[in-house]
Amino acid sequence: MFKKPNISSENIRGFKIKLYPTDNQKQVFLSHMNLFRFIYNWGLERSQEYYAEYGEYIGKAKLQKLLSEFRNNNSWMQNIPLHSARLALDHLDFAYKKFFKHEAKFPKFKSKKSCIQKVHYRNESYAFNLDSNSVKISGFGREERILCKSHNIPPPNISGYYNCTVTFDGIDFWLSVNTEVDRSYLKDDLLSEESIGIDLGIHKFAQLSNGIVYQRPKILKTIDKRIRKQQSRLSKMKRRRYITAKQTITKFEDIPCTKNELKLQDQNIKLRIRRKNIMRSFLHQTTAEIANMRPKRIVVEDLNVSEFIRHSKNMNNKEEIYHAMWYKFREYLTYKSIERGIEFIVADKHFPSSQICSNCGSIKKSSYRTHICDVCGLRIDRDLNAAINLSRYA
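Source: prediction; values computed, not measured.

Engineer: Give me the packing of aromatic side chains: which residues, what numbers.
Structural biologist: For the coordinates displayed, the defined rule picks out 21 aromatic pairs. Relative to tyrosine 121, the ring of phenylalanine 29 has its centre 6.3 Å away and its plane inclined at 70°; by these criteria the two rings are edge-to-face. Of this pair, phenylalanine 29 sits in helix H1 (residues 23-54) while tyrosine 121 sits in the loop between strand E2 (117-120) and strand E3 (129-130); the two residues are 92 residues apart in sequence, bridging distant segments of the chain. The two residues phenylalanine 29 and tyrosine 121 agree in class, both being buried. Each ring, one from tryptophan 42 and one from phenylalanine 70, has its centre 5.3 Å from the other, and the planes form 25°; the classification is stacked. In this pair, tryptophan 42 sits in helix H1 while phenylalanine 70 sits in helix H2 (residues 60-73), placing the two residues 28 residues apart along the sequence. Of the residues examined, tryptophan 42 reaches a relative accessible area of 7% and is grouped as buried.

Given below as structure tokens:
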């Protein structure tokens, strides 16, 4: 469903560009997204009914037959392309397979309010065509094109484009595509003998074993403060509507938001998107700088974020841990290291990197910012000590 079988995963790259659809095109996109979500939920409901009757999973083939019959009997289902409708069932089948392998929980119904609004389209050349400033997508007019931001996506080779997805973040529409890109020119045989260990944290975002420290952009603190204030105002507005609904016969869902509340919701969404973009840009720049040091190997610790949040007593620390994007940092650094021929190692989560003395190897548990060894008397920053120990991880 997600990959073509004859393509090496090391050469697969994803690209994301912004779309500029007209008002009519926006309505078509939103209609496709709503139907895509509806078909996923419809397939999940049919599969549960089949299991209750026969005691087994219905399978993708039977679901597609039922979908064809349901689509032919309901004219409003013709608004979404048939291939996109079948891809929704592919997503459901993929979720079931992950559940059967004990890699994920049982599939849930997609909520209209909380789920990511997206839809997948055909990727064949006759249905999908991308040039420098516009794109042709199935489900629109034969000659109709959608404007997009200028990009650096390479032209398709034999494999072409695939996994063509349009998402809506509440403000803008985005197109995501995957294609095969040759990055062999980045591989360098003249790598240094250096082994770099990286300790990730809140006080310092990334501490390298060679002494370099990377801190999150300072503007994120200002943005977080503005988000908290806006969220507090939105909660008060929502509370007012709830009290009004309690005092009258009207349901809470039927009470419309005020113009100020809608305006504040848009501002809050834009601010959250801005925060995410700043952080992702920072991660790309940081990981590229580390990979361009051309070390022999890079070692990163395996962090259990959910456990950190559970044991954190400070509410501000919980929020910072939640938005730290440590796994995304590791994900970016992994593929950039592989591109350059650098060995990438993930240390075991139980490896006591901050407790081991980097000088004599003795172990001491301490919660202070400075590691003081009782055996050799070494005084060193705790994060630097952990990074040095990770660089020696075998």
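Let us keep going from here.
Engineer: Residues and numbers for the layout of surface pockets, please.
Structural biologist: As a volume, the second largest pocket reaches approximately 1000 Å³. Forming the boundary of the second largest pocket are 33 residues, of which Leu200, Leu303, Phe308, Ser354 and Arg382 lie nearest the centre. Listed by contribution, the elements that provide at least two residues to the lining of the second largest pocket are strand E8 (195-200), helix H6 (305-311), helix H7 (315-322) and helix H9 (382-391). Of the residues in the lining of the second largest pocket, the class split is nine nonpolar, twelve polar and twelve charged.

Engineer: Please set out the sheet that holds strand E11 (residues 297-301) residue by residue, giving values where relevant.
Structural biologist: Ordered in space as E10-E9-E8-E11-E12, the five strands form an open sheet in which the pairing is mixed. A strand with exactly one partner marks an edge of an open sheet, and here the two such strands are strand E10 (213-214) and strand E12 (343-347). Relative to E10, strand E9 (residues 206-208) is paired through two bridges, and the arrangement is antiparallel. By the bridge assignment, alanine 206 is partnered in E10 with tyrosine 214. Taken strand by strand, helix H8 (residues 326-339) contacts E8, E11 and E12, and its axis lies near 155° from that of E12.

Cut-offs applied
The residue count restarts for each chain, going from 1 along the sequence in the order it is written. Since the coordinates come from a predicted model, pLDDT governs what is reported: local features require at least 70, and pairs of side-chain atoms require 80 or more to be given and counted, while whole-chain, interface and lining totals use all residues. Water and hydrogen atoms were dropped before computing side-chain values, which therefore reflect all heavy atoms in the structure. Note on ring pairs: Phe, Tyr and Trp rings are taken, using the six-membered ring of Trp, and paired if centres are within 6.5 Å. Classes follow the plane angle, with under 30 degrees stacked, over 60 edge-to-face and the rest tilted. Every helix listed is a DSSP run of H or I at least four residues long, and every strand listed is a run of E at least two residues long, numbered separately from the N terminus. Only protein chains enter the accessibility calculation, which uses a 1.4 Å probe; a residue is then buried when its area is under 20% of its type maximum, exposed when over 50%, and partly exposed in between. Here a cavity is any set of points on a 1 Å grid over the protein atoms alone where a 1.4 Å probe fits but cannot get out, and a pocket is any open set with protein on both sides within 12 Å along at least 5 of 7 lines; a residue lines the site when it has an atom within 4 Å of a point. Grid points are joined across faces, edges and corners, and a volume is the space filled by probe spheres set on the points. Only Asp, Glu, Lys and Arg are considered charged in this grouping, and only Ala, Val, Leu, Ile, Met, Phe, Trp, Tyr, Cys and Pro are considered nonpolar; every other residue, Gly among them, is considered polar. In this analysis, strands are considered paired if DSSP registers two or more bridges between them. Note on contacts: a residue pair qualifies if any of its non-hydrogen atoms lie within 4.5 Å across the two residues. The axes are straight lines fitted to the C-alpha atoms, using for helices just the contacting stretch, and the angles between their N-to-C directions are given from 0 to 180°.

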